[in-house]
Amino acid sequence: MSELNFIPLMVPDIQQHDIDAVVAVLQSGMLIQGAMVEEFENNISKYLGVRHAIAVSSGTASLHLALIALGIGRGDEVIVPAFSYIATANVVELVGAKPIFVDIDINTFNINKNLIEQAITNKTKAIIPVHEFGLACDIREICELAEKYKLKVIEDAACAFGATENGKFTGTFGNAGSFSFHPRKAITSGEGGMLVTNDDELARKLRILRNHGIEMQDAKMEFVEAGFNYRLTDFQAALVNSQLERLEPNLNYKEKLANIYFEELSQTNRIILPKVPQNKRHSWQSFHLVLDTIINRDEFIDNLRELGIGTNYGAQCIPAMIYYKNKYHYQSEEEFPNAFEAYKCGIAIPLYSRLKKEQVQFISKTINWLGK
Ligand SMILES: Cc1ncc(COP(=O)(O)O)c(C=O)c1O
């Protein structure tokens, strides 16, 4: 298989004018704390319709900062889906709190809202619902439940920039919304993240904590918190900001490609396609299938690679990962059966704006043939 013919799982859409925007920042000498981060933040808050956007160095930094700014720490419990990228739970551990895992709906890969209430205890302080693979979870109902129990909601929208529920953007429902601009996301700064919120005081805290605990008071730099350096650089901001104008066309194009998958992939007992509820706009960070247990998923991935198609598993059943399993002794297969199945039998297939329709048809045919 020549490298030229290989279809990778993901190719970021970086164009010459994105590169030019980075070069301009490099030539300006203002590599950090220049104008670009602010411009990017302003563009994001305008696009999403939120009061505050705070750029940070990654999606993980963003979740971590939100937990700290909301005062969540030792002795607290935070509800997270059992199936997500591991960072969603790691940040809870890192502030000294305990992640309480809740199983997912196998059709959408999102947290099962009906299982959340029974996981709430008097130690629960927050929920981190994830919009997995770019599909909004049942965020409105989750926020209503959180309000009933006075819990904070930090939306992990790392994969879901541009996704909506009933026309409202993911990330804008909870106390804070967190995004990632990792190269697999819709727009990328390499590493990078963003927190959004409509809460002025929370935004102030987040800005202080992002930057060594510094606050300007009477034009003087004061150190008012023990903060982090979680800043995004200006050249990263320029790179991602320059891609914003292509976001909507790219999301629309990915929707078309996803529809080709829905038409071409055989919906059989062996290959289960994802479901998208009518009221949600998927941002299609990943197109994720579940294979029947008869199929050896890892061999399937190897076979696809040999046939020129890059795929991988989509996310982790987090309580089954060594750290969590050893610490909390979960029996994930029994306790979180859907998360376990999605992890053991799941596979993410290529879907990005540089992918051609013919390639999607080729991938579909190959998967149908291998899965027969
Ligand atoms: C659901 C979810 N949360 C958090 C993250 C972490 O983001 P980052 O890689 O930017 O730290 C990711 C990364 O892919 C993710 O998918």
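Structure's up top.
Residues numbered from 1 in each chain as written. Predicted model: local features only at pLDDT ≥ 70, side-chain atom pairs only at ≥ 80, totals over all residues. Heavy atoms only, no water.

## Remarks on unusual backbone geometry
Then step 1. Positive phi, close to 50 degrees, is recorded for Gln-33, a residue that is not glycine.
Then step 2. As for its position among the elements, Gln-33 is in the loop between helix 1 (16–28) and helix 2 (36–48).
Then step 3. By relative accessible area, which is 49% here, Gln-33 ends up partly exposed. (Helix = DSSP H or I, 4+ residues; strand = E, 2+ residues; numbered from the N terminus. Buried < 20%, exposed > 50% of the residue type's maximum accessible area, 1.4 Å probe, protein only.)

## Here we look at the environment of Glu-225
Then step 1. Among the structural elements, Glu-225 can be located in the loop between strand 12 (220–223) and helix 7 (234–241).
Then step 2. Sequence separation of Glu-225 and Pro-249 is 24 residues, and the distance between their C-alpha atoms is 42 Å.
Then step 3. Sequence-distant contacts of Glu-225, defined by excluding residues within four places in its chain, comprise Ile-208, Leu-209, His-212 and Gly-213. (Contact = heavy atoms within 4.5 Å.)

## Considerations on the packing of aromatic side chains
Then step 1. Using the criterion set out here, one finds 20 aromatic pairs in the structure.
Then step 2. With centroids separated by 4.7 Å and ring planes inclined at 35 degrees, the aromatic side chains of Tyr-47 and Phe-169 adopt a geometry described as tilted. On the criterion of sequence distance, the pair formed by Tyr-47 in helix 2 and Phe-169 in strand 8 (residues 168–169) is long-range, its members being 122 residues apart.
Then step 3. Relative to Trp-284, the ring of Phe-262 lies with its centre 5.9 Å away and its plane at 65 degrees, an arrangement referred to as edge-to-face. Here Trp-284 lies in the loop between strand 14 (280–281) and strand 15 (287–291) and Phe-262 lies in helix 8 (residues 244–264), a separation of 22 residues in the sequence.
Then step 4. Since its relative accessible area comes to 2%, Trp-284 is described here as buried. (Phe/Tyr/Trp six-rings, centres within 6.5 Å; stacked < 30°, edge-to-face > 60°.)

## Brief notes about empty space enclosed by the protein
Then step 1. Per the stated rule, a full pass over the model turns up three cavities of 30 Å³ or more.
Then step 2. Its residues placed into classes, the lining of the largest cavity shows seven nonpolar, four polar and three charged.
Then step 3. Considering only enclosed or pocket space, the second largest cavity measures out at about 60 Å³ in volume.
Then step 4. What lines the second largest cavity is Asn-107, Thr-108, Phe-109, Glu-132, Phe-133, Leu-135, Pro-274, Lys-275, His-282, Trp-284, Ser-286 and His-288.
Then step 5. In the lining of the second largest cavity, the residues fall into five nonpolar, five polar and two charged. (1 Å grid on protein atoms, 1.4 Å probe; cavity = no way out; pocket = protein on both sides within 12 Å on 5 of 7 lines; lining within 4 Å. Points joined across faces, edges and corners; volume = space filled by probe spheres on them. Nonpolar A, V, L, I, M, F, W, Y, C, P; charged D, E, K, R; others polar.)

## Focus on the side chain of Thr-197
Then step 1. Along the polypeptide, Thr-197 turns up in strand 10 (residues 193–197).
Then step 2. For Thr-197, a relative accessible area of 2% corresponds to the buried category.
Then step 3. Polar contacts involving the side chain of Thr-197 include one to the main-chain amide nitrogen of Asp-199, which spans 3.0 Å.
Then step 4. Leave out the neighbours within four places in its chain, and Thr-197 touches Val-50, Arg-51, His-52, Ile-54, Asn-175, Ala-176, Leu-202, Ala-203 and Leu-206. (Polar contact = N/O pair within 3.5 Å; in protein donor to acceptor, adjacent residues only side chain to side chain.)

## Topic: the pattern of salt bridges
Then step 1. Enumeration over the complete set of coordinates arrives at 20 salt bridges.
Then step 2. Measuring nitrogen to oxygen at the nearest pair gives 2.8 Å for the salt bridge that ties Arg-51 to Asp-200. Here Arg-51 is found in the loop between helix 2 and strand 1 (52–56), whereas its partner Asp-200 is found in helix 6 (residues 200–210), with 149 residues between them in sequence.
Then step 3. Judged by relative accessible area, Arg-51 falls into the exposed class, the value being 53%.
Then step 4. Asp-200 sits in the partly exposed class, given a relative accessible area of 40%.
Then step 5. For Glu-165, the salt bridge goes to Lys-280, with nearest N and O atoms at 3.2 Å. Separated by 115 residues along the polypeptide, Glu-165 in strand 7 (residues 164–165) and Lys-280 in strand 14 bring together distant segments of the chain. (Salt bridge = Lys/Arg side-chain N within 4 Å of Asp/Glu carboxyl O.)

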